[in-house]
Amino acid sequence: MKILFLVYHGFSDSSGISKKIHSQVKALRQNGHEVSLCSYDFSPEGHRCRYIDGRVLADYGTGRMAALRQRTDYKPIFDHCVATATELVYARCFQNASPWLVAFFRRLRRAGIRAVMEVPTYPYDQEFAGYNWDQRLSLAIDKMFRRQLARQLDAIVTFSDETEIFGQRTIRISNGVDLDSLPLHRATGHATPAINMIGVAELHYWHGFDRMIAGMGRYYQQGGRRELRFHIVGDVHPAYMTQGTPFSPPFRDMIDMYGLADRVVFHGQLFGSRLDRVFDGCQFAVGSLGRHRSGISVIKTLKNREYASRGLPFIYSEQDSDFDSQPYILKAPADESPIDMEKIIDFIDHFHTPPADIRRTVEHLAWRQQMQRVVTDISQHEPV
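Reading the values: rules and limits
Residues numbered from 1 in each chain as written. Predicted model: local features only at pLDDT ≥ 70, side-chain atom pairs only at ≥ 80, totals over all residues. Heavy atoms only, no water. Axes fitted to C-alpha atoms, helices over the stretch in contact; angles between N-to-C directions. Helix = DSSP H or I, 4+ residues; strand = E, 2+ residues; numbered from the N terminus. Parallel < 35°, antiparallel > 145°, perpendicular 65-115°, else oblique. Contact = heavy atoms within 4.5 Å. Nonpolar A, V, L, I, M, F, W, Y, C, P; charged D, E, K, R; others polar. Buried < 20%, exposed > 50% of the residue type's maximum accessible area, 1.4 Å probe, protein only. Arc of directions from axis to C-beta. Polar contact = N/O pair within 3.5 Å; in protein donor to acceptor, adjacent residues only side chain to side chain. Pairing = 2+ DSSP bridges. Right-handed = clockwise from strand over helix to strand, strands pointing away.

Draft legend 1. Highlighting the packing of helix H4 (residues 99-110) against helix H5 (residues 133-151). Where H4 meets H5, the closest approach of the two axes is 9 Å, and the angle between their N-to-C directions is 5 degrees. Compared by their axis directions, H4 and H5 come out roughly parallel. Within the contact between the two elements, H4 uses Pro99, Leu101, Val102, Phe105 and Arg109 and H5 uses Phe145, Gln148, Leu149 and Arg151. Grouping the amino acids of the contact of H4 with H5 by side-chain chemistry returns six nonpolar, one polar and two charged.

Draft legend 2. Just helix H11 (residues 341-349), in detail. Of all the positions in H11, only Met341, Ile344, Ile345, Phe347 and Ile348 are classed as buried. Down the axis of H11, the smallest arc covering the buried residues is 165 degrees, so these residues share one side. Summarising the contacts, the buried residues of H11 are in contact with strand E10 (195-200), helix H6 (209-221), strand E11 (228-233), strand E13 (284-286), strand E14 (314-316) and strand E15 (329-331). Residue Asp340 occupies the N-cap position of H11, its side-chain oxygen lying 3.0 Å from the main-chain nitrogen of Glu342.

Draft legend 3. How the structure looks around the pairing of E10. Extensive coverage of E10 is indicated by the burial of six of its six residues. Going residue by residue along E10, you find Ile195, Met197 and Gly199 tucked away on one face and Asn196, Ile198 and Val200 tucked away on the opposite face as well. For E10 and E11, the ladder comprises six bridges, and the chain directions are parallel. Within E11, the position partnered with Gly199 by the bridge is Ile232. For the handedness criterion, the β-α-β arrangement of E10, H6 and E11 is classed as right-handed. Here E10 pairs with E13 via two bridges, running parallel. Note on E13: the bridge partner recorded for Met197 is Phe284.

These values are about where atoms sit, not about what they do.
Shown next as structure tokens:
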């Protein structure tokens, strides 16, 4: 099948989202499909451009009119789909439904080109809490037109258990993994009573890492003697460090209050061998601990699958049917309580499953299988 994979942004080597998208495209190609990747980014000269596999498809120029055109002009993408006999457009939701996007997908449907949209997180409205006025305005526009947009699609791809989103039927898959790109965990250093934990995220309030910091602080206040270190890898918005969120005080205040300056380590963005080294120095991983804050109870996050692919045990608080019953999982309550460090310590002290055995439990979640489920579903359903 000839497929156009459509995203509305560019890519970064350190971005988990970028890695995921490239893994999805790779998986489709491995399954024998002819796939083009359409993205939007700035050129080296500062022009706003749409790209097809790195080649400029449309150059909108610079300035305010260029910014407006890139939000309203989808004709170059449509023309490309027609010229290349594209059979399926796989679009990644960017909370950007608009009259122009609705019209674009309507033209695709009338031209006989199938289309699906992946909604990575659902529901997502509460994720905009605390965002600036421009971002909240974008969400308001999205709310006005997303059901109209959904009617132009063949289905919505979701990692939730929802059977319908925005009035459209869903194709339910799991977030996948690219096992080729994730090395198996290899413990480094000599045996030590210290416990090193890692949390990797482009940090938002729903990751709930403040619960880990509060849990460590309480552990030491109550006389805890075990050496604990929490390694946070990824971007941390300055506001989380100095202003806090509606759910927690600033990280910096919490760290100072509990005296954790040497025990909470912010590494910033890491990827490649530098990221692997931090993983190899840790015995336990931290998934999302605050999805309830954004109104989500069931989700299949990418991070859980990456931790399992590396072979690390981990903790999270949402419901994830792929992992909830696995013996290498520690579930946290979906509330605002500090994470119980004694439970983590006891879990790790009695945990002996080899990384390779953990990895084998997610082989069926490889992107090749998950993405083929989408194509098979579309092939088996009549066009809308």
